[in-house]
Amino acid sequence: MYDFDLFVIGAGSGGVRASRMAAGYGARVGICEEYRVGGTCVIRGCVPKKLLVYASEFGEHFEDAAGFGWDVGERHFDWATLIANKDREIDRLNGLYLQTLRNAGVTLLNGRGRLKSPHEIEISGKDGNRTVTADKILIATGGWPTMPDIPGIEHAITSNEAFHLPRLPDRIAVVGGGYIALEFACIFHGLGSQVVQLYRGEQILRGFDRDVRNALADALRGKGLDLRVETNVTAIEKNGDALVLALTDGSNLEVDAVMFATGRAPNTRGLGLAEVGVALDDKGGVVVDEYSRSSVENIYAVGDVTDRIALTPVAIKEGAAVAATLFGDKPTRVDYRDVPSAVFSQPTVATVGLTEDEARAEYGDVDVYISRFRPMKYTLPGREERALMKLVVDRASDRVVGAHMVGPDAAEIIQGVAIALKCGATKAQFDATVAIHPSSAEEFVLMREPVPQQVAAQ
Ligand code: NDP
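Residues numbered from 1 in each chain as written. Predicted model: local features only at pLDDT ≥ 70, side-chain atom pairs only at ≥ 80, totals over all residues. Heavy atoms only, no water.

### Things to note about the nonpolar core
Ranked by size, the top nonpolar core spans 64 residues in total, and within it Trp79, Phe188 and Phe444 carry the most contacts. A total of 8 residues in this core trace back to one element, the largest contributor, which is helix α6 (residues 179-191). Those residues in contact with phenylalanine 444 that lie beyond four places of it in its chain are Met389, Lys390, Leu391, Ala403, His404, Met405, Ile413, Ile414, Val417 and Phe430. In terms of nonpolar packing, the next biggest core, distinct from the first, is built from 21 residues, Val132, Val278, Val286 and Ala301 among them. (Core = buried A, V, L, I, M, F, W, Y, C linked by side-chain atoms within 4.5 Å. Buried < 20%, exposed > 50% of the residue type's maximum accessible area, 1.4 Å probe, protein only. Helix = DSSP H or I, 4+ residues; strand = E, 2+ residues; numbered from the N terminus. Contact = heavy atoms within 4.5 Å.)

### Digging into the packing of aromatic side chains
Summed over all chains, the structure comprises 6 aromatic pairs. Ring geometry for phenylalanine 163 and phenylalanine 184: centres 5.3 Å apart, planes at 75°, overall edge-to-face. One end of the pair, phenylalanine 163, is in the loop between α5 (159-162) and β8 (171-175); the other, phenylalanine 184, is in helix α6, with 21 residues separating them in the sequence. A relative accessible area of 1% places phenylalanine 163 in the buried class. According to the relative accessible area criterion, phenylalanine 184 is buried, its value standing at 2%. An aromatic cluster is defined as three or more aromatic residues linked by ring pairs; in this entry it consists of Trp79, Phe163, Phe184 and Phe188. (Phe/Tyr/Trp six-rings, centres within 6.5 Å; stacked < 30°, edge-to-face > 60°.)

### Things to note about the pattern of salt bridges
With the rule as written, the count across this model stands at 33 salt bridges. Of the charged contacts in the structure, one is a salt bridge between arginine 210 and glutamate 356, with a shortest N-O distance of 3.2 Å. Taken together, the positions of arginine 210 in helix α7 (residues 210-222) and glutamate 356 in helix α9 (residues 356-363) put the pair 146 residues apart, joining distant regions of the chain. Since its relative accessible area comes to 23%, arginine 210 is described here as partly exposed. Counted as one network, the salt bridges with shared partners bring together Asp209, Arg210, Asp211, Glu356, Asp357, Arg360, Arg372 and Lys390. (Salt bridge = Lys/Arg side-chain N within 4 Å of Asp/Glu carboxyl O.)

No statement about biological role is implied by the geometric values presented.
Right, dumping it as structure tokens:
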């Protein structure tokens, strides 16, 4: 008899969901965590990031208020207050997660887990080591930021440290052109830092729709963010309190801090996985089948540690699916089609389904609808920033196969559109939907004329 029916290593989004659902099905469940319960999303990711995004949006709100007749007076921003308030909220959420596990009857062990055999986990914590046994094991240890191996990289920070900087840097360089780089470049810019964003490729957000990528880059530059593409950092040197970055274009850039957001890698090191026969891919991610089962029959893995789609809601669905499969008598696979996501840059990007290029490759003939407009709330303040909305439609079936937006509330709007795509909605059904007026979202049901083919195909 094992100590547990299921033992989970890592109490983040995927691990917590799997453990409490498994317990709900009647399983005896244990979970270990070496840091704080909640994982990347709650402790050093989505949640604190979004709080910082809210903080950084106020600068523009105050500016725009004048256009509506408000006299906001002198403004002052205090980084220490923001960080302290953010930390208090994270403490509160951490407490809620602990309570959730307790209420579900899950046994939490503090410490780092390591497999000793396919059914034995050694947990080393402050109070020493102990070994527990389990029938099924779930690896849910998430991911960790990676940085290139360049001279002086020890002076750089990642998003982990950005949440705890002692003060707001006057000048910061952000390296990378993905989700995290864009979100933090905008946070620092909005809070008043002088930001240079450096991206090695020809356009930010590789993998996103090209109109979205161009629209976001234009909007960022329009706000005064110094976005430099085809530029990378080759070395970092400390010069007193400042850092001097050597750039690929031969120039030097002096800043007070440099943050690398150059990707995240699955957190599998030191877990003893390879030793017990769990196959890992070339990035160190656990190789799993469609039920999240690894190459070892009783060992499963969910979330970022599997290097599938690194998003919290996906990890949660994977965790729930494993619990249902193992203990709910309901083999469940996660459906990875039409997973929506948002980049909380300013303006926000949100997207679901295929990019125009992907849709052309998959369906051949597609119609593309684009709307670019100045959101109403920018008219009185005289803000020139424009929003972009784009629909990609498979001509043969009339199904909307991609929806993309850059602009205020994009995440809130695309979440609703994602339901329509999941239901296989056609363009005719979008057109038959009555608009909510006045809103930005209504543009998605008011786009009548496709972009002429030769323009669309450029
Ligand atoms: P991404 O993969 O999104 O972006 C990494 C960026 O770093 C890319 O622009 C990449 O360039 C660049 N890069 C990689 N290696 C180097 C290098 N050696 N030198 C210079 N640049 C480099 O990773 P993130 O770290 O931003 O985020 C990780 C994942 O976390 C995301 O993919 C996403 O799934 C998830 N996430 C989701 C969020 C959300 O939902 N809002 C928020 C934050 C993270 P290139 O394009 O050329 O490869």
